[in-house]
Structure formats: structure tokens, C-alpha cells
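The primary structure of each chain is shown beneath.
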Amino acid sequence: FCSCWLSLLSRFRNRLAQCRSLSPAALDTKQKMVKSAVRVVVRTRPTANFAHDSLRINPENRAVEVFVRKKETQGAVNNQRENYSFQFDAVLHNASQDTVFDDCARPIVSSVMEGYNGTILAYGQTGAGKTYTMTGGTGNYKVRGLIPRVIQQVFQEVSARPDQAITVRISYHENYNENLIDLLNLNGDGGSDLVILDDAKVGVHVRGLTQRLANNEEEALNLLFEGETNRAIGEHQLNAASSRSHCVFTLTIETRSRIESSERVTMSKLNMVDLAGSERVSKTGSSGIVLKEAMYINKSLSFLEQVVNALSDRHRDHIPFRQSKLTHVLKDSLGGNCKTTMIANIWGEGAHLEETISTLNFATRMMRVRNEAVVNVQMDADLLVRKYEREIKELKAELAMHDALSGRSRVSYEPYSEEQRFELNKKVVAYIQNDAEELEVVNLRHVNEIFMQFRIVARNAHAELDKIGGPGEGQGRKASAAKMQPGDSGAAQAGGGVGEVSGSHGFSVGVAPDDARPLGGVTAITRTAGTAGADTTPAGSPIPPSISHGPGAALPDRGEAFEEYKLREGKDAALLLKQNLTQLKERKRNQKECAASINACKAQIDALKNELALKQTDRPMHMTTGGGPEVIDEEEFALIKALKDQKKAYRSHFDELKQIKSETEYLQKLADQARNKLVQDFEDWFGALQRTTEGGEEEEDDIPQEEIMAGDGDVLDDGEIFDNLEVQRVMQEDPESLAYHNARKNMAGKHHLP
């Protein structure tokens with residue numbers, strides 16, 4: 001019993017100590033570290049003027065060779081280097097966006113979903129295709145960039161993990177002229193108090209940066225396009241839409257298990273970095289504001305190169321991360337807790353060979369940077385405290401139960417009161433004066449309190465001896481100890497309590513300047529909203545001679561004109577609609593029959609299960625061998641076989657029902673598309689007829705309601721019909737692109753873009 005009691009008490013004290021000394025360092029679990037170098041991939045921009053005589057790309061060997069002719073103007077003694085050879089992790093020459101994503105981003109996203117931090121950054125000269133690589137072509141789903149594809153993969157992973165509760169938050173900021181700007185700030189001020197902080201728990205982060213919750217792919221794409229409209233871009237000779245800032249799009253992913261411990265939280269980040277391109281003023285012809293922006297861009301890229309050089313040198317102790325805000329933000333991505341991939345974009349024309357060599361040299365140095373990535377597992381402090389409090393309560397109840405079983409019902413584990421301490425002090429003094437033979441030990445708390453009273457008695461004796469003084473201290477101490485009365489310890493207890501001094505520490509950080517955003521009146525800075533689109537007003541269709549009316553003629557009835565249109569000019573569209581409706585009706589009938597078959601199989605399975613259970617219950621005892629396999633008769637075997645066949649048939653019918661449902665939805669979309677097209681063509685045709693009828697007024701008669709009604713009973717206008725047609729086209733071409741299409745449409749409607 002004593003060993004059991006001491007074990008419970010030890011567990012109780014450990015839990016209590018954990019609750020009192022809970023700290024982030026104590027919450028970290030054992031993590032797996034992965035050491036790896038920064039992965040570098042070279043991507044070439046497709047061009048019709050590729051310098052084949054000076055640039056040789058070998059994707060199979062992952063090599064790039066550059067040949068530069070010596071300049072004759074440098075004289076007879078010319079030590080200029082002519083041949084350059086580079087080796088990288090991968091070389092993508094004239095590669096598609098799909099290939100770039102599969103090679104560069106897909107492995108990083110998979111690691112991020114497992115709890116590692118990840119970074120993908122695009123580097124290169126201006127106009128080499130960095131922004132195209134990261135965000136892709138505007139409004140074109142097929143050539144979308146890495147960020148939209150990463151968002152799609154993240155939410156596909158979320159859907160594939162129903163046993164985990166995954167939260168995705170998004171932030172988007174740019175570094176414009178060494179000023180951090182929040183691209184998702186709804187107040188419009190861009191965030192003037194953004195400060196970069198180093199935290200031992202979460203790493204480098206930007207304090208004050210907006211983090212928006214994204215529940216699905218469409219919401220995440222809405223945030224991406226919202227930030228894109230706020231980016232600063234400019235125009236120069238090499239690029240009509242040049243990025244004038246370094247942009248960082250961050251996905252923060254928080255993962256909790258729905259099955260195991262909920263206190264264990266995995267926090268990971270994925271940074272998508274679009275660096276502004278290095279520029280040579282002699283080639284870009286920049287001036288004014290654009291020239292000032294180029295100076296800041298080149299300066300920050302120079303600091304980035306210094307950091308990479310320092311990280312690649314093993315003998316360097318100091319890494320100058322704080323020289324610029326760009327390098328400070330990328331501190332974890334370069335040599336820290338992160339898996340990093342850099343895409344080096346080059347422009348393979350003869351006029352840009354110097355910039356190409358510079359980019360390839362930087363990429364080579366980047367390959368020497370080594371990161372140490374770990375799974376970012378944390379323990380939720382609040383949940384842990386509640387868990388430990390619950391365990392302590394259970395341990396107290398268990399101790400009370402043991403005490404009750406052993407006849408120790410008076411034992412208490414609560415802190416001692418002043419009256420209890422006074423009584424215990426009297427027992428200690430009696431024990432010292434030999435008036436008591438022994439002190440009863442109830443529990444460990446009682447032992448600790450006894451020692452505390454011994455300390456109080458000793459302190460009082462020393463204090464009295466100090467007052468007496470003189471020789472014979474030893475005898476004085478004995479006498480004072482013998483004369484000590486229980487009541488004398490009251491003053492010592494009142495004034496001899498033990499206190500704890502707690503201090504707090506703080507720090508101050510700087511504030512970004514108020515003029516963090518570029519001036520609104522600068523004409524060189526535009527937004528990615530694009531230019532106004534061309535006139536999309538449809539031209540009127542030619543009027544068929546069958547019901548053509550000249551000036552002054554009466555306008556025919558709208559309903560009669562629609563019926564005649566379906567028999568003549570709209571015959572093909574009406575026939576297509578009729579065929580789609582016929583096929584749709586047939587599929588719905590098949591769906592109903594398949595559902596009935598599934599229900600019949602389910603009823604048969606239930607009946608067989610009941611019959612088999614009854615058969616197994618009535619099985620004779622002699623048909624069960626001890627420790628061996630069960631012996632079944634032919635009837636039970638037949639039931640098992642029939643049950644297996646019914647389950648197989650159920651699965652077959654269920655798969656068939658899923659296929660029929662998919663076909664039904666597709667045919668429904670085709671029927672809606674054909675109906676909308678028929679109505680739209682008639683509207684164009686009837687409008688042209690109205691314009692040719694001089695003085696004619698549009699009749700108020702409507703088309704038959706079943707031809708223009710939406711699925712929910714509302715009449716569709718021209719804009720809604722067009723939107724439905726566009727959705728049907730997108731679904732027919734690629735159903736996965738619907739979220740991208742809706743996000744682009746929402747952004748265009750919000751900002752009145754074409």
C-alpha cells in the first residue's frame with residue numbers, strides 16, 4: 001500500500017509542477033530534423049531570338065553552358081572569361097506551367113502539409129518571367145502560376161484528410177522601397193505599423209500583418225486576386241508591367257487531429273516569394289520614380305547576395321540578415337527551419353547574356369546554403385492546463401479513495417490553515433522537550449509542514465540567543481530551546497512567511513514610416529487591374545426574310561415570333577435542346593431504377609445478416625473446436641456466400657448510381673446551356689427585328705415561362721444568362737477550374753474590371 005500511495009503522490013506532484021512551470025520550451029515535443037541544401041531550378045523564358053550560339057541548355061544533364069566572345073575594344077591583353085558551365089538540380093527549358101508546378105512546388109506543398117516550413121522564391125532579371133511563374137497569366141486558367149496551383153493542392157489535401165482539423169490562413173505583403181505594405185488591409189492604409197520580429201517559438205514573422213481565414217479554394221483565390229490589385233507595378237523598356245516591389249504570399253496551416261490528442265498542434269508556413277527583378281538603367285531607360293524604385297530593388301538584391309555569400313562560407317560567424325527588410329523576412333528560408341526551392345529565371349537572348357551569367361552565378365551560390373527543417377509541433381498551453389487540472393482532480397479522488405479504504409478518512413491534501421499550523425507547532429515543541437515520544441506522519445504534505453515548524457522553532461531559538469549574547473552560547477541555545485513555548489511561534493509565523501518576487505521584461509520596436517505606400521499621383525505606378533476592355537455589345541443578327549418587316553410595319557407578337565423562330569432559324573438549337581432533355585429524362589429514369597436496385601440489395605443484405613446471426617447462435621457446440629477454426633455446415637456456407645454476392649452487387653449498383661448521377665448532372669448542364677443559347681439567339685434576332693421596324697414599340701408579351709426560367713423559378717436577365725453559359729463552359733472544359741473562374745469574376749465585379 002505504501003508503494004502505491006507514494007507512486008500516486010509522485011504523479012500528483014509531477015503534474016502540479018508541470019502546470020506551475022508551463023512554458024513554450026517545456027511544450028515542444030521531440031522533432032525530426034531534415035538537413036538539406038536549397039534546391040535550385042533554372043527556367044528559361046521562351047523567346048524567338050534565343051542565342052543558340054552563346055547559350056546551350058541541356059535539361060537531361062541539368063546543365064547550362066554560356067559562351068561569351070571577347071571584346072576587341074579591351075586591347076591585345078584580354079583575360080576575359082569566355083566559357084561558363086553550371087550544374088543545377090533541374091533545368092526547365094521552354095517548360096509549361098504544369099511541369100514547373102510538378103517539379104518545384106508539389107513536393108514542397110506535401111512537406112508543408114506534414115508540418116515542415118516551405119519557401120518557393122523566384123529570382124532573375126527584370127522581364128525574365130518571375131511574376132508569370134508565380135501568379136501566371138491574367139484571367140487564363142490554363143496558364144495560371146504556382147500560387148493558384150499551390151492553393152488548389154492545399155485544399156485538395158485538406159479534403160483528403162477528414163481525420164484532421166486543418167485551418168488555413170493567408171497573408172500577403174510587399175516590400176516597396178524598404179517599406180512593408182499589407183496588401184490585404186481592408187482599411188486602405190496598407191498597414192503603417194508592420195514590424196519584423198524574431199520569435200523562438202514561431203520564427204520570423206511580421207507583427208501587425210493581416211491574416212485572413214480561408215475556408216475553401218475560392219476564398220483563398222479571392223484573397224490572392226485582392227492582393228494582386230494592390231501591388232505596385234511600373235513600365236520601362238524591358239517590361240510593360242514590371243513589379244516594383246518584392247512580394248511575399250504566405251499560407252499558414254494549423255493542423256490538429258480529430259482522433260488523437262487535441263493538444264498537439266502542427267503549425268507550418270509556406271512562403272511564395274516573387275522578387276523584383278534586377279535592372280540595368282542603361283537598358284531599361286528608367287527615370288524619375290521608376291529610377292528610384294530600381295535603386296531600392298538593386299540595393300535589396302545586393303544585400304540578399306551578401307547574405308547568401310555569408311551562408312555559403314562555413315567560416316563566417318555573423319550573417320547580416322538585418323541589413324534589409326527583405327533578408328530579415330527571409331531569415332528562416334535561408335539557412336533556417338525551412339525547405340526552400342529557388343527558381344532562377346533567365347532570358348536566353350544575346351542582349352541579356354551578362355544578366356544571365358549573373359543570375360546563374362547567384363543560383364550556384366544559393367545551392368551551397370543548407371537548411372535544417374523540423375516538423376513544427378507545438379502543444380496548446382490552454383488545453384494542457386485544462387488536461388492537467390483534470391488529471392490532478394482525478395489523482396486527488398484516487399488518493400481519497402485509498403485513504404478511505406485504509407481507514408485514514410481524516411487525511412486532507414489541502415493547504416494547512418493557521419490553526420492547524422499552530423497545533424503542529426505545539427507537537428514539535430513537545431517532541432523537542434521530550435514530552436512526546438514520536439510524531440505521527442500522515443502524508444508527505446504533513447512531513448513537509450513538520451520540517452517547516454522545526455525551522456521556525458530553530459529560528460526563534462537563534463533569535464533569542466542573539467539577544468542574550470556573551471560566552472556559553474551553546475548552553476544558552478539549549479536553555480532557550482527548552483524554554484520555548486508553543487505560543488512563541490505565532491509572531492515568527494506571522495512575520496516569517498516566504499514570498500516570491502516576480503518581474504516582467506519588455507522591449508520596444510520601431511514603427512514603419514507613415515509614407516509607406518507609393519504616391520497615388522505617380523503615373524509610372526499602376527495597378528494590375530488592367531485596361532478597359534473592348535466593346536462587347538453584340539451586333540444584331542440579320543433579319544430572316546420569312547417574317548421581315550419594313551419601316552412602319554407592326555411588330556409581331558413576341559410569343560408567336562419565338563415559336564416561328566424555333567421552327568425556322570432556331571431549328572437546330574431547339575432540336576439540340578429537345579435531344580438533351582430526352583437524354584436527361586432517360587438518365588433520370590435509369591437513376592431511379594438503380595436506386596431501387598440498391599435498396600433491394602440493402603434489404604437482402606440485412607435479411608441475410610439476420611439469418612446468418614440466427615444460424616450461428618443455434619450452431620451445435622460440437623461444431624466448435626477448442627482453439628481451432630470453426631466448423632460450419634453447408635447451409636451456413638451458402639448464407640455467407642450469398643451475403644458476399646449481395647455486397648458485391650450492392651457495390652456495383654452503387655458505383656453505377658454514381659456514374660449515372662455524374663452523367664445526369666452533365667446532361668442537365670448541357671440542357672441549360674442549350675436553353676440559354678436558344679433564348680439568347682432569339683433575343684438578338686428579335687432585337688434586330690425591333691430596330692428595323694420604324695416607330696414600332698416592343699411588345700410586352702413574354703416568351704413562354706418554361707423557356708426562360710432558371711432552376712429556382714427566377715427569370716434570368718442577359719447578364720445572368722451569360723454568367724450561366726460561362727460557368728457551363730468552364731465546367732465542361734475543366735471542372736477543377738471553377739473556383740479560379742469564380743474568384744476572378746468576383747475580383748472583376750468588385751473592382752469594376754473587364
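Residues numbered from 1 in each chain as written. Predicted model: local features only at pLDDT ≥ 70, side-chain atom pairs only at ≥ 80, totals over all residues. Heavy atoms only, no water.

Q: Pulling in residues and values, what's your account of the overall build of the chain?
A: Looking only at helices and strands, one finds 21 helices and 19 strands in the chain. For the chain, the proportion of its 754 residues judged to be buried stands at 40%. In the chain, the share of contacts with a sequence separation of at least 24, taken over all contacts with a separation of at least 6, comes to 75%. (Helix = DSSP H or I, 4+ residues; strand = E, 2+ residues; numbered from the N terminus. Buried < 20%, exposed > 50% of the residue type's maximum accessible area, 1.4 Å probe, protein only. Contact = heavy atoms within 4.5 Å.)

Q: Quick rundown of the packing of helix α5 (residues 146-159) against helix α6 (residues 217-229)? Include the residues and the values.
A: Where α5 meets α6, the closest approach of the two axes is 9 Å, and the angle between their N-to-C directions is 155°. One way to sum up the angle between α5 and α6 is to call them roughly antiparallel. The two elements α5 and α6 cross, and the hand of that crossing is right-handed. Seen from α5, the contacting residues are Ile147, Pro148, Ile151, Gln152 and Phe155; seen from α6, they are Glu217, Ala220, Leu221 and Leu224. Partitioned by chemical class, the residues of the contact of α5 with α6 number seven nonpolar, one polar and one charged. (Axes fitted to C-alpha atoms, helices over the stretch in contact; angles between N-to-C directions. Parallel < 35°, antiparallel > 145°, perpendicular 65-115°, else oblique. Left-handed = near helix turned anticlockwise from the far one by under 90°. Nonpolar A, V, L, I, M, F, W, Y, C, P; charged D, E, K, R; others polar.)

Q: Which residues make up helix α10 (residues 353-366), and what values go with them?
A: Compared with the 20 Å implied by 1.5 Å per residue over 14 residues, the 20 Å span of α10 between its first and last C-alpha is a close match. Residues of α10 that are buried: Leu353, Glu355, Thr356, Ile357, Thr359, Leu360, Phe362, Ala363, Arg365 and Met366. (Expected span 1.5 Å × (residues − 1).)

Q: Please provide a residue-by-residue account of helix α11 (residues 381-405), values included.
A: Here α11 contains 25 residues, and its C-alpha end-to-end distance of 36 Å stays within 8% of the 36 Å for a straight helix at 1.5 Å per residue. Residues of α11 that are buried include every one of Leu384, Tyr388, Glu391, Ile392, Leu395, Leu399, His402 and Asp403, and no others.

Q: Describe the sheet that holds strand β3 (residues 55-58), and please don't skip the residues or the numbers.
A: If you walk across this open sheet you meet the three strands as β3-β4-β5, and the pairing is antiparallel. Edge strands, defined here as strands with exactly one partner in the open sheet, are β3 and β5 (83-87). This sheet shows a mean twist of 10° between the axes of neighbouring strands, independent of strand direction. One ladder, built from five bridges, connects strand β4 (residues 63-67) with β5; its direction is antiparallel. Bridging from a neighbouring strand, Val64 pairs with Phe86 of β5. (Pairing = 2+ DSSP bridges.)

Q: Residue-level account of the packing of aromatic side chains, with values.
A: One pass over the structure, following the stated rule, counts 13 aromatic pairs. Both rings, one in Tyr141 and one in Tyr740, keep their centres 5.5 Å apart while their planes meet at 65°; by these two values the pair is edge-to-face. Of this pair, Tyr141 sits in the loop between α4 (130-134) and α5 while Tyr740 sits in helix α21 (residues 738-751), and the two are 599 residues apart along the sequence. Pair check on accessibility: Tyr141 and Tyr740 agree, each one buried. Ring centres 6.5 Å apart and planes at 15° place the aromatic pair Tyr650 and Phe654 in the stacked group. Within this pair, Tyr650 and its partner Phe654 are both found in helix α18 (residues 634-692), separated by four residues, close to a single helical turn. Owing to a relative accessible area of 26%, Tyr650 belongs among the partly exposed residues under this scheme. Judged by its relative accessible area of 32%, Phe654 falls in the partly exposed class. Linked through ring pairs, Phe562, Tyr565, Phe682, Trp685 and Phe686 together constitute an aromatic cluster. A cation over a ring is seen here: Lys339 above Tyr116, with NZ or CZ 4.3 Å from the ring centre. (Phe/Tyr/Trp six-rings, centres within 6.5 Å; stacked < 30°, edge-to-face > 60°. Lys NZ or Arg CZ within 6 Å of the ring centre and 35° of its normal.)

Q: I'd like a description of the pairing of strand β15 (residues 246-257), backed by residues and values.
A: Taken across its 12 residues, β15 has 10 buried, putting it largely inside the fold. Where strand β8 (residues 164-176) lies against β15, 12 bridges are found, and the strand directions are antiparallel. Along β15, the bridge assignment pairs Arg169 with Thr252. As paired strands, β15 and strand β16 (residues 264-274) are joined by 10 bridges and run antiparallel to one another. Within β16, the residue paired with Thr252 across the bridge is Lys269.

Q: Please set out the side chain of Gln153 residue by residue, giving values where relevant.
A: With respect to the helices, strands and loops of the structure, Gln153 is situated in helix α5. For Gln153, a relative accessible area of 5% gives the class buried. If we skip the residues at most four places from it in the chain, Gln153 touches Phe101, Arg106, Val109 and Ser110.

Q: Residues and numbers for unusual backbone geometry, please.
A: Despite not being glycine, Asn94 has its phi angle at roughly 55°, a positive value. Locating Asn94 in the fold gives a position in the loop between β6 (90-92) and α3 (97-113). We classify Asn94 as partly exposed; its relative accessible area is 45%. Although it is not a glycine, Asn177 sits at a positive phi angle of roughly 55°. Checked against the element boundaries, Asn177 lands in the loop between β8 and β9 (179-182). Residue Asn177 is classed as buried on the basis of its relative accessible area, which comes to 13%.

Q: Explain the nonpolar core to me, using residue names and the numbers behind them.
A: Core analysis: the biggest nonpolar cluster contains 48 residues, and Leu146, Val150, Ile151, Phe249, Leu251 and Met272 have the highest contact counts within it. Among the elements that make up this core, the one with the highest residue count is α3 (eight residues). Val91, Leu334, Ala344 and Val369 belong to the second largest nonpolar core, which has 40 residues in total. (Core = buried A, V, L, I, M, F, W, Y, C linked by side-chain atoms within 4.5 Å.)

Q: How would you explain the pattern of salt bridges if you had to name every residue and give the values?
A: Side-chain pairing between opposite charges can occur once the charged atoms of the two side chains come close. All told, the structure shown has 26 salt bridges when counted by the stated rule. The partner of Asp98 in a salt bridge is Arg149, and the shortest N-O contact between them spans 2.3 Å. Placement of the pair is Asp98 in helix α3 and Arg149 in helix α5, with a sequence separation of 51 residues. A residue is classified by how much of its surface remains accessible, and Arg149, at 5% relative accessible area, is buried. Overlapping salt bridges, with partners in common, bring together Glu114, Glu157 and Arg161 in one network. (Salt bridge = Lys/Arg side-chain N within 4 Å of Asp/Glu carboxyl O.)

Q: Describe in detail the environment of Phe362, supporting the description with residues and values.
A: For Phe362, the location among the structural elements is in helix α10. Not counting chain neighbours up to four residues away, the residues in contact with Phe362 comprise Tyr123, Leu304, Glu305, Val308 and Met342.

Q: Can you lay out the packing of helix α8 (residues 289-312) against α10 for me, pointing to particular residues and giving the numbers?
A: Between α8 and α10, the shortest axis-to-axis distance is 9 Å and the interhelical angle comes to 40°. Comparing the axis directions of α8 and α10 gives the class oblique. The crossing of α8 and α10 is left-handed. Contacts from Leu304, Glu305, Val308, Asn309 and Ser312 of α8 reach α10 at Phe362, Arg365 and Met366. Residues belonging to the contact of α8 with α10 are distributed by class as follows: four nonpolar, two polar and two charged.

Q: I'd love a proper account of a nonpolar patch on the surface, names of residues and values included.
A: Taken together, the side chains of Ile632, Phe637 and Ile640 present a nonpolar region at the surface, about 260 Å² in accessible area. With respect to the element layout, Ile640 can be found in helix α18. Of the residues examined, Ile640 reaches a relative accessible area of 34% and is grouped as partly exposed. (Patch = residues over 30% accessible without salt bridge, like charges linked within 9 Å, V, L, I, M, F, W, Y side chains within 5 Å. Areas by Shrake-Rupley, 256 points an atom, 1.4 Å probe, with all protein chains shown as cover.)

Q: Can you explain the pairing of β16? Please cite residues and give values.
A: Counting buried positions along β16 yields nine of 11 residues, so the element is predominantly enclosed. The pairing of β16 with strand β19 (residues 377-379) spans three bridges and is classified as antiparallel. Its bridge partner lying in β19, Thr266 is registered against Val377.

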